[in-house]
Amino acid sequence: MPHSATRRTILLTTAATALPLTAACGGGGDDGGSAAASSSPAGQDLAKAGDIPVGGGKVFKEQKVVVTQPEKDDFKAFSAVCTHQGCVVADVSGGTINCACHGSKFAIADGAVKQGPATEPLPAEQITVEGNSVRLA
C-alpha cells in the first residue's frame, strides 16, 4: 500500500524548508540582505556624483543599494535592505538612512545603527566614483 503524505507531514516539511528563509529576513544575520544588492550588475551606473547630496544620500531601490556622501567627495555605499526585517530603506534625511517599516535609522558615514529596532549595521557595498559617475563595483 503506497504511503500518502499527511497534512501534518506536509506542514512540517514546509516549515523546515522555510525556516532558513525566514531567519535570513529576520534580525540581522551575517549578510543582512547584501547578497541581493550584490546580485546587481557590476559596473552599472547608479547616478552622477552631483546627484548625491553632501550630508545626505540616495536610495536605489531596484539595486537595493544606498549611496551617501557624508562629507564632500567622500562617497559610501551600503545595502538598502534593513537588517531588522528585510525592508528596503525609504530615504536618506537628517543625516541618517531611514527605514519606514519600523523606524530604524542608520548612520550615513558607516551604516551603524543610530535608532532601533535594528541591532545590526547596514553592510557596506562596493562602488566606484570616476569623474562624475557613481557605479557599482
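Here the structure is shown first, and the text comes after it.
All of the points below concern the structure found in this document.

What counts as what
- Residues numbered from 1 in each chain as written.
- Predicted model: local features only at pLDDT ≥ 70, side-chain atom pairs only at ≥ 80, totals over all residues.
- Heavy atoms only, no water.
- Salt bridge = Lys/Arg side-chain N within 4 Å of Asp/Glu carboxyl O.
- Helix = DSSP H or I, 4+ residues; strand = E, 2+ residues; numbered from the N terminus.
- Buried < 20%, exposed > 50% of the residue type's maximum accessible area, 1.4 Å probe, protein only.
- Pairing = 2+ DSSP bridges.
- Polar contact = N/O pair within 3.5 Å; in protein donor to acceptor, adjacent residues only side chain to side chain.
- Contact = heavy atoms within 4.5 Å.

**Let's talk about the pattern of salt bridges**
Part 1: On inspection of all chains with the given rule, the structure shows three salt bridges.
Part 2: Put simply, D45 and R135 hold a salt bridge, and the shortest N to O gap is 2.9 Å. Highlighted residues: D45 in strand β1 (residues 45–48) and R135 in strand β10 (residues 133–136), separated in sequence by 90 residues.
Part 3: The partner of D74 in a salt bridge is K76, with the nearest N and O atoms 3.8 Å apart.
Part 4: What makes D74 partly exposed here is its relative accessible area of 28%.
Part 5: Among the charged side chains, a network of salt bridges with common partners joins D45, E130 and R135.

**Overview of the pairing of strand β9 (residues 127–130)**
Part 1: Bridging between β9 and β10 involves four bridges; their strand directions are antiparallel. Opposite E130, over in β10, you have S133 as the bridge partner.
Part 2: From the end of β9 to the start of β10, which pair antiparallel, there are two residues, and G131 there has a positive phi angle of about 60°.

**Section: unusual backbone geometry**
Part 1: Phi angles above zero are rare outside glycine, and K64 is one such case at about 55°.
Part 2: Its location among the elements puts K64 in the loop between β2 (56–60) and β3 (65–71).
Part 3: The phi torsion at D73 lies on the positive side, around 65°, for a residue other than glycine.

**Let's talk about the side chain of H84**
Part 1: Within the element layout of this structure, H84 appears in the loop between β4 (74–79) and β5 (91–93).
Part 2: A polar contact is formed between the side chain of H84 and the side chain of H102, at a distance of 3.3 Å.

**Comments concerning the environment of S133**
Part 1: Residue placement: S133 occurs in strand β10.
Part 2: Setting aside chain neighbours within four positions, we find S133 in contact with D45, A47 and T128.
Part 3: Of the polar contacts made by the side chain of S133, one reaches the side chain of D45; its length is 3.0 Å.

**A few points about the pairing of β3**
Part 1: In terms of burial, β3 is largely enclosed, as six of its seven residues are buried.
Part 2: Summarising the sheet, β2 and β3 pair through five bridges and their orientation is antiparallel. Within the sheet, the bridge partner assigned to V59 lies in β3 and is V66.
Part 3: Linking β2 to β3, which pair antiparallel, is a turn of four residues; within it K64 sits at a positive phi near 55°.
Part 4: In the sheet, β3 pairs with β4 via five bridges, with the strands oriented antiparallel. By the bridge assignment, E71 is partnered in β4 with D74.
Part 5: Turn length for the β3-β4 hairpin, with the two strands adjacent in sequence and antiparallel, is two residues, and the turn residue D73 shows positive phi of about 65°.

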